[in-house]
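Fold and contact review
For reference, the chains in residue letters:
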Amino acid sequence: MDSRTKGKTVMEVGSDGVAVITLINPPVNSLSFDVLYNLKSNYEEALSRNDVKAIVITGAKGKFSGGFDISGFGEIQKGTRKEPKVGYISIDILTDLLEAARKPSVAAIDGLALGGGLELSMACHARISTPGAQLGLPELQLGVIPGFGGTQRLPRLVGLTKALEMILTSKPVRAEEGHSLGLIDAVVPSAELLTTARRWALDIVERRKPWISSVLKTDKLPPLGEAREILKFARGQTRKQAPNMKHPLMCLDALETGIVSGPRAGLEKEAEVGSQVISLDTTKGLIHVFFSQRGTVKVPGVTDRGLIPRKIKKVAIIGGGLMGSGIATALILSNYPVILKEVNEKFLEAGIGRVKANLQSRVRKGSMSKEKFEKTMSLLKGSLDYESFRDVDMVIEAVIENISLKQQIFADLEKYCPQHCILASNTSTIDLNKIGERTKSQDRIVGAHFFSPAHVMPLLEIVRTNHTSAQVIVDLLDVGKKIKKTPVVVGNCTGFAVNRMFFPYTQAAMFLVERGADPYLIDSAVSKFGMPMGPFRLCDLVGFGVAIATATQFIENFPERTYKSMIIPLMQEDKRAGEATRKGFYLYDDKRKAKPDPELKKYIEKARSMSGANVDPKLVKLSEKEIIEMTFFPVVNEACRVFAEGIAVKAADLDIAAIFGMGFPPYRGGIMFWADSIGSKYIYSRLDEWSKTYGDFFKPCAFLAERGSKGAPLSAPVEQARSRL
Ligand SMILES: CCCCCC(=O)CC(=O)SCCNC(=O)CCNC(=O)[C@H](O)C(C)(C)COP(=O)(O)OP(=O)(O)OC[C@H]1O[C@@H](n2cnc3c(N)ncnc32)[C@H](O)[C@@H]1OP(=O)(O)O
Ligand SMILES: NC(=O)C1=CN([C@@H]2O[C@H](COP(=O)(O)OP(=O)(O)OC[C@H]3O[C@@H](n4cnc5c(N)ncnc54)[C@H](O)[C@@H]3O)[C@@H](O)[C@H]2O)C=CC1
């Protein structure tokens, strides 16, 4: 393969008269422009050759295709690649050349056919698949639409409702379900895939099997009136669930055009909106997230050293509270045998009960069978001492946030655990060097910072100190992958990356409220921006105990930029500590529905008088845009510090940490990507102005000042990084 080209196709013509075209573009046979243009020329050759009666399309090495080469969107967005004429691939190649050909084609699908991969297969006249293959149109997840005919062919093959479900949720189906839906014509073992596909193609030629052009099918489409109702409902749901995104609605426009005005008009509409969505900001954000998420496991100096992850056969967890039980759940769900240690029988029973409840909720929802529940629970053993720690490969400590307790535990672990055992802490704020101070095992001490609820939240912050060995990081990255978490490797400091970014966010909100802003309007503006909830609702959910413990760490370690608000401590004094006590910034009913509380004013006024703050008429009347800027620019400022200090190796890691740890909206690309979309100059100037009026909480850090003064991107690599990693 030419080093400048990305992938290719090869064609082999058999003595049976079947031309087999294989897509080759490792690792997932993505459809780069090179692959697509090669496919076209192979196809033209097959159509022109007299010794070819039919065509089979397949993918190399057990994968049909992961879809259009996503990096191609970036090239189009940056202008480094000219987009082909609108509709060239979907209409000229896939419809007019392939589907309308005089010779039939069959897709032989192994492993996966996603996005453009599935769309290519739907343009063929039949599809044969291996068991378990993933079939889906996940394009909306990337901010694009199924642009190779998927909006037209999928509803015609599986019906409008199922097609909408697959497209709007981006969730794939397995081959077996695809077969029952009519998407797949036969499911056969891998060893029989090509022979079956070849025979099927010849059977079509001989008219022993039907010659079906999916785009012309109508039998699965509902009557027009019904289709319009279904689409209207889908639009309503989409507006509710993705209010800040345009591309899902544009995708529905393409679907509707096809149903109302016929497939040709539908294909043209699809091509038109498919080309428009590529330049949407939300699309740029989502594509950035796709690659950044996969980039977190590439850690310079660690994952490029050829280290092989060691096998972790058994894990011990210390503390069966909220976090320990969640972590245990995540591990046993991925088949790791776990020992859970607690201080006494009562707490142990409660911890195991929490794990059980986590799994039982899956059984209730139908996503886990009773047998699987029993089998999974049998992987968990309780303990009150360290005797059973003698053969564990990893320990995760998750006791309360108390330095001396954690120090004692790590000293004990050194005595009981084998030499190779990884000693991890789930601390959310404490410096790991302090935790390991009473051991000689600094090279195997690491942070495994999960987020609550640990069996649900996708992020795993892996914290390394100057002493943590590369092998330990590689091992933990592997465990993270096995338990289906997105890991981000960060350096050691108070709060690490996520909590350091989180803190100014809630602090800014307290600051504004003490100066007269309405907390409920702040929450509403932040939710509209795309966060799962606003800062006040979040404090209620997390609980004021955790909020105060975290604040204490920050006040101690970053006093110069911590805003000390008394609102939360005052409420806690009155035993309103958040959702768990049914009272916090909101009041909660039996169903935990939040409603504003007029009494909140009393606490705000008291806190205001304690801090000596005054109501500021400008801050009382903030627009939604100003609320977002005043709550998130301090977060950007802290993210810049984290980046400049080398706590995060790449700005993209902070994007992923913000999305998966804080709930920052993925379609904004993450905190640094979003900041760059606004511009460092503007952010710097706003923070600088606020710091002059309101104090050091808003003061831009040196990194932001330097980049802001030049208008340079914040996410550009840190030159001569003073890396702590
Ligand atoms: C004018 C254009 C109109 C376009 C119309 C259209 O139809 C558009 C599309 O087809 S958009 C693409 C739709 N496809 C997807 O969204 C699939 C994305 N990929 C995945 O979901 C997963 O990667 C997977 C299920 C295919 C494989 O998962 P894993 O085994 O867990 O591996 P991985 O995710 O780590 O990926 C391995 C490497 O492969 C790269 N990669 C995967 N898919 C693509 C792709 N479609 N294009 C380019 N590169 C892809 C991924 O980045 C990984 O690369 P590394 O360098 O190893 O990190
Ligand atoms: N609660 C949260 O949202 C998050 C907490 N964390 C961190 O996780 C850790 C645990 O927090 P939570 O689970 O919320 O606390 P928790 O209070 O719910 O649970 C702590 C458990 O540890 C047990 N324990 C105390 N000493 C022990 C010992 N010597 N041996 C065995 N068990 C012992 C206690 O009995 C208790 O059940 C803390 O370091 C916290 O900072 C991290 C991320 C999020």
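Residues numbered from 1 in each chain as written. Chains lettered and ligands numbered in written order. Predicted model: local features only at pLDDT ≥ 70, side-chain atom pairs only at ≥ 80, totals over all residues. Heavy atoms only, no water.

**Quick word on the packing of aromatic side chains**
With the rule as written, the count across this model stands at 33 aromatic pairs. Geometrically, the ring pair formed by Phe 68 and Phe 73 is tilted, given 4.8 Å between the ring centres and 55° between the ring planes. Here the two residues Phe 68 and Phe 73 agree in accessibility, since each one is buried. Over the face of the ring belonging to Phe 290 we find Arg 294, whose NZ or CZ atom lies 3.8 Å from the ring centre. Sitting over the face of the ring of Tyr 386, Lys 341 holds its NZ or CZ atom 4.9 Å from the ring centroid. (Phe/Tyr/Trp six-rings, centres within 6.5 Å; stacked < 30°, edge-to-face > 60°. Buried < 20%, exposed > 50% of the residue type's maximum accessible area, 1.4 Å probe, protein only. Lys NZ or Arg CZ within 6 Å of the ring centre and 35° of its normal.)

**Points about the site of ligand 2**
As a structural note, the neighbourhood of ligand 2 is formed by 22 residues, with Met 323, Glu 342, Glu 401, Lys 406 and Ser 428 the closest of them. Separating an oxygen atom of ligand 2 from a side-chain N or O atom of Lys 406 is a distance of 2.6 Å. Within the side chain of Ser 428, one N or O atom sits 2.7 Å away from an oxygen atom of ligand 2. Of all the secondary structure elements, the ones that give two or more residues to the shell around ligand 2 are α13 (322-333), α16 (403-416) and β15 (445-450). (Near = heavy atom within 4 Å. Polar contact = N/O pair within 3.5 Å; in protein donor to acceptor, adjacent residues only side chain to side chain. Helix = DSSP H or I, 4+ residues; strand = E, 2+ residues; numbered from the N terminus.)

**A look at unusual backbone geometry**
Pro 27 follows Pro 26 through a cis peptide bond whose omega is 5°. Along the polypeptide, Pro 27 turns up in the loop between β2 (18-24) and α1 (33-48). A cis geometry characterises the amide bond from Ser 452 onward to Pro 453, with omega recorded as -10°. By secondary structure assignment, the location of Pro 453 is in the loop between β15 and β16 (459-464). A positive phi is found at Ser 170, a non-glycine position, where the angle reads about 65°. Turning to its location among the elements, Ser 170 is positioned in the loop between α6 (160-169) and β8 (173-174). Its identity is not glycine, yet Arg 582 carries a phi of approximately 70°, on the positive side.

**Describing the UniProt feature "domain: 3-hydroxyacyl-CoA dehydrogenase C-terminal" (unreviewed entry) in the protein chain**
Within this numbering scheme, the UniProt entry marks residues 495-588 as carrying the feature "domain: 3-hydroxyacyl-CoA dehydrogenase C-terminal" (unreviewed entry). Annotated as 61% helix and 3% strand, the span residues 495-588 places its first and last C-alpha atoms 30 Å apart. (UniProt positions renumbered as here; feature names shortened; annotations may be inferred.)

**With respect to the state of the cysteines**
Evaluation of the coordinates by the stated rule reveals 0 disulfides. For Cys 640, which is in no disulfide, the shortest distance to another cysteine sulfur is to Cys 701 and amounts to 5.1 Å. (Disulfide = S-S within 2.5 Å.)

**Some words on helix α19 (residues 498-514)**
The terminal C-alpha atoms of α19, which comprises 17 residues, lie 25 Å apart, in line with the 24 Å expected from a rise of 1.5 Å per residue. Gly 516 sits one or two residues past α19 and shows a positive phi near 110°. (Expected span 1.5 Å × (residues − 1).)

**A closer look at the pairing of strand β4 (residues 105-109)**
Regular strands place side chains that alternate from one sheet face to the opposite one. β4 sits mainly inside the fold: 5 of its 5 residues count as buried. Here β4 shows a buried face lined by Ser 105, Ala 107 and Ile 109 and a second buried face lined by Val 106 and Ala 108. Two elements, strand β3 (residues 54-59) and β4, share 4 bridges in a ladder whose sense is parallel. Its bridge partner lying in β4, Val 56 is registered against Val 106. Bridge count for β4 against strand β6 (residues 126-129) is 4 bridges, and the pairing is parallel. Its bridge partner lying in β6, Val 106 is registered against Ala 126. (Pairing = 2+ DSSP bridges.)

**Section: the environment of Gly 351**
By the element assignment, Gly 351 lies in helix α14 (residues 345-365). Taking relative accessible area as the criterion, Gly 351 reaches 0% and is therefore assigned buried. A sequence separation of 31 residues divides Gly 351 from Gly 382, and the C-alpha atoms of the two residues are 9.0 Å apart. Excluding its chain neighbours within four sequence positions, the residues that come into contact with Gly 351 are Gly 320, Ser 325 and Leu 340. (Contact = heavy atoms within 4.5 Å.)

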